[in-house]
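Summary of the model geometry
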Amino acid sequence: MSLDTAPRLDADALLDDPQTRIVVCCGAGGVGKTTTAAALGVRAAERGRRVVVLTIDPAKRLAQSMGIDALDNSPRQVEGIEGPGELYAMMLDMKRTFDEIVEAHAEGDRARAILENPFYQSLSAGFAGTQEYMAMEKLGQLRARDSWDLIIVDTPPSRSALDFLDAPKRLGSFLDGRFIRLLTAPAKAGGRAGMKFLNVGMSMMTGTLGKLLGASLLRDVQTFVAAMDTLFGGFRTRAEATYRLLQAPGTAFLVVATPERDALREAAYFVERLEADRMPLAGLVLNRVHESGAAQLSAERALAAAETLDERGVDDAGSGAKSAGAAGTDTASTGGTDTADTTGGTGGTDSTGTEGAAALLRLHAERMQVLAHERRTRDRFAALHPEVPVTQVTALPGDVHDLAGLRDVAELLTAQEAPGA
Amino acid sequence: MSGLQRLHVVTGKGGTGKTTVAAALALALAADGRRTLLVEVEGRQGIAQLFETEPLPYEERRIASAPGGGDVFALAIDAEQALLDYLQMFYRMGSAGRALRRLGAIDFVTTIAPGLRDVLLTGKACEAARRQDKHGRHVYDAVVMDAPPTGRITRFLGVNAEVAGLAKAGPIHNHARSVMRVLTSARTAVHLVTLLEDMPVQETVDGVAELREAGLQVGAAVVNMVRPALMDEAELERAAADPAALAAALSAAGLGGASRGARAERLVAPLLRQAREHTERLALERTQRAALARLELPQYELPLLTEGVDLAGLYRLSGELGKQWPL
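Residues numbered from 1 in each chain as written. Chains lettered and ligands numbered in written order. Predicted model: local features only at pLDDT ≥ 70, side-chain atom pairs only at ≥ 80, totals over all residues. Heavy atoms only, no water.

**Re the domain arrangement of chain B**
Much of the literature gives interface size as the accessible area that the parts lose upon coming together. Worth spelling out the cut-off: Marked domain ranges trace back to an automatic or database domain assignment.
We note that the domain assignment places domain 1 (6-227 + 304-324) and domain 2 (233-281) within chain B. If you average the C-alpha positions of domain 1 of chain B and of domain 2 of chain B, the two centres end up 49 Å apart.

**Concerning the sheet that holds strand β3 (residues 61-66) of chain B**
Residue and element names in this part refer to chain B. Heads up, the condition is: Two strands qualify as a pair provided DSSP detects at least 2 bridges between them. Helix numbering and strand numbering both begin at the N terminus, where a helix is a DSSP run of H or I of at least 4 residues and a strand a DSSP run of E of at least 2. Between N-to-C directions, angles cover 0 to 180 degrees, with each direction set by a line fitted to C-alpha atoms, over the stretch in contact for helices. When checking whether two residues touch, look at their non-hydrogen atoms; a contact exists if any pair is within 4.5 Å.
Strand order in this open sheet of 8 strands is β3-β4-β2-β5-β1-β6-β7-β8, and the pairing throughout is mixed. In this open sheet, the two strands that pair with only one neighbour each are β3 and β8 (299-303). The average angle at which neighbouring strand axes cross in this sheet is 25°, direction not considered. Sheet analysis places strand β2 (residues 35-40) next to strand β4 (residues 70-76), joined by 6 bridges and oriented parallel. Looking across to β4, one finds that Arg35 is bridged to Asp71. On top of the sheet, helix α7 (residues 150-166) reaches β1 (6-12), β5 (142-146) and β6 (188-194); it is set at about 145° to β1, its chief contact. Running at roughly 155° to β8, helix α13 (residues 311-324) makes contact with β3 and β8 of the sheet.

**Brief notes about the packing of helix α10 (residues 233-240) of chain B against helix α12 (residues 263-293) of chain B**
Residue and element names in this part refer to chain B. Basically, it comes down to this: For classification purposes, angles smaller than 35 degrees are called roughly parallel, those larger than 145 roughly antiparallel, those between 65 and 115 roughly perpendicular, and all remaining angles oblique. The sense of a crossing depends on the near helix, which, turned anticlockwise from the far helix by less than a right angle, makes the crossing left-handed and, turned clockwise, makes it right-handed. Here the nonpolar group is Ala, Val, Leu, Ile, Met, Phe, Trp, Tyr, Cys and Pro; Asp, Glu, Lys and Arg are the charged ones; every other residue, Gly included, is treated as polar.
In contact at an axis separation of 10 Å, α10 and α12 are set at 160° when each is read in the N-to-C sense. If you check the angle between α10 and α12, you find them roughly antiparallel. Seen from above, α10 lies across α12 with left-handed handedness. The residues of α12 that touch α10, namely those facing Glu233, Leu236 and Ala240, are Leu272, Ala275, Arg276, Thr279, Ala283 and Arg286. Its residues assigned to classes, the contact of α10 with α12 shows 5 nonpolar, 1 polar and 3 charged.

**Brief notes about the domain arrangement of chain A**
Residue and element names in this part refer to chain A. For clarity, the threshold we go by: In short, buried area is how much 1.4 Å probe accessible area vanishes from two parts on joining, totalled over both. Definition of a polar contact: a pair of N or O atoms within 3.5 Å, with one able to donate and the other able to accept a hydrogen when the atoms are protein atoms, and with sequence-neighbouring residues admitted only if both atoms are side-chain atoms.
Splitting chain A by domain gives domain 1 (3-182 + 232-289) and domain 2 (299-377). Residue-level contacts link 7 residues of domain 1 with 4 residues of domain 2. Across the domain 1/domain 2 interface, buried area totals approximately 420 Å², and carbon plus sulfur atoms make up 47% of it. Scanning the region where domain 1 abuts domain 2 turns up 0 residue pairs in polar contact (both at pLDDT 80 or more). Every element with two or more residues in the side of domain 1 that touches domain 2 is listed here: α13 (261-276) and β7 (281-289).

What follows is the structure in structure tokens.
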């Protein structure tokens, strides 16, 4: 099974389908998730949909290209869309998202107590994990507003690309944990029977924890947990709803990768995980694939030819004035079946042509080696997951930082012919 | 080697190969009979994959020998285990630790209060870097940490200061402060891995500024996956000026006929297109090199291994680092 036989991902069909309401781009760090999400957003909008792209941590220039370099945590319309649809984009501000939840669900004094709690401040400002919760929260909010018919989400650069899937579950198990119940026990424990046990547990806990964390931190944590108690419930409910939303038919996951071993290993892992969680996978976007317009010439053949030319170059330098004549003779004798062609050409090579051709051949050999490596890596993935539809995006020499660039990427993404085929 | 035991923290944007560079550095530091510890903190088992071994347990085990007879040990640090270790080591709270775990407190501390989690991870690495045997000799000559990516590194390392501020007294406070002292000392250096591309370089530049502001020592910039410069603009222009001569030369090298439409002639346009992409990339790389040079850091370069990095490739990279880097 090789990539050439893998089904081709029809990204336009996916974007055009009114049933598609959420597209999640996931994959390892550094594979172009954000660019892919943005390019798909431009494409979908120009084909008539009302789209919002939620990015997590875009590169500065990419954010500028969409006009969302200012952080205000709400979607802004992107100017310059050519087509019937509309594109909005936003960058997640996790602290602000967290603050807004607090403000929306707790009254004045209580909200202020939470917002001023040092434990809360530290947690909301971005310890690992918070970003995943907040990305899920924001996705849920955008979906609930129902102002867009397509939401495209870029996932956080997690330690493991799967963290955001686990966010609701982790939050749930944390909230259901006995520890939290102990911390909040004084507020909650009503029954007399439970009271005694909880108090014993509580004093042991506070004793040990106080010793460990210092009494003031423990007090901050307790205040925080008690204040957040009601909020947490709603938080969990929403996180679970978002999780279910991700399993629903209107959602499509795109796994993004580059033809590198690590990125594709992560992609394979992701494919398996999505299957296990019954999340709908639409396909694999393979970014930065190299191609060659002269793929019929192998690396070995190109290198051998470059060496032949090197030897000629040395001869040329040695034989001086004779070189033109010598080149003519050589050409005729090595041209083989193409002799007629050759002599009908320019009639000889100069040393610039020889040196230039040798350099071009070396470059080509390097390119072909890259191609061969990428092909092997891709084929390994295709062998493991032959059912996953794939689309490839050719490597561009520079970074994308404007709408035109995003449009080009989208063009490659949605092309129905494999590049170079 | 400067004589100081050092903790080398290796970070980089995702996709730049920081795990590979960390491993190559650990190998290079272990050369000639030394002993290093390579630690990972993100639970990705990247080290095991790189060294083609079984997943690493929470245990320091030897995974490779270095050229000239040194040893590389590896450890995948797990925050929960590190906390239990820590409770046991400092407070002999083994059983209390288990009770805390049953109550979900360990989960609490390592998950929802991930600041404490990061303290535990960096704390374990610092402990290994400082550990001495009963003769007062350091157990490891160096510890190399495959750290979180550039976007999170300052926070990851600086979290100790934050946690020390949160827990205003008590053992966690003291622990966080002592870890911070090691991290900000001259014995610790943060190295940044980058590619010669816009985004990784920008992140490196931002990362260096943040690290310096946080009082952390920046060590070196390692430029990874450098591709050879096979043709420059001048050469390309000279060659492109005479396509007929190129066709003739290709033909002379046995690649078919040189006349219009013949095999060698048809190669000229695609080969020139590739060369243009190449020189375009070189031009972009020059801009990136200039941006890196402004950081005034020692800079080391590792070649792109077209075949991907296997164990043999890793040793090759470690040799390259050893040649350039005064370790």
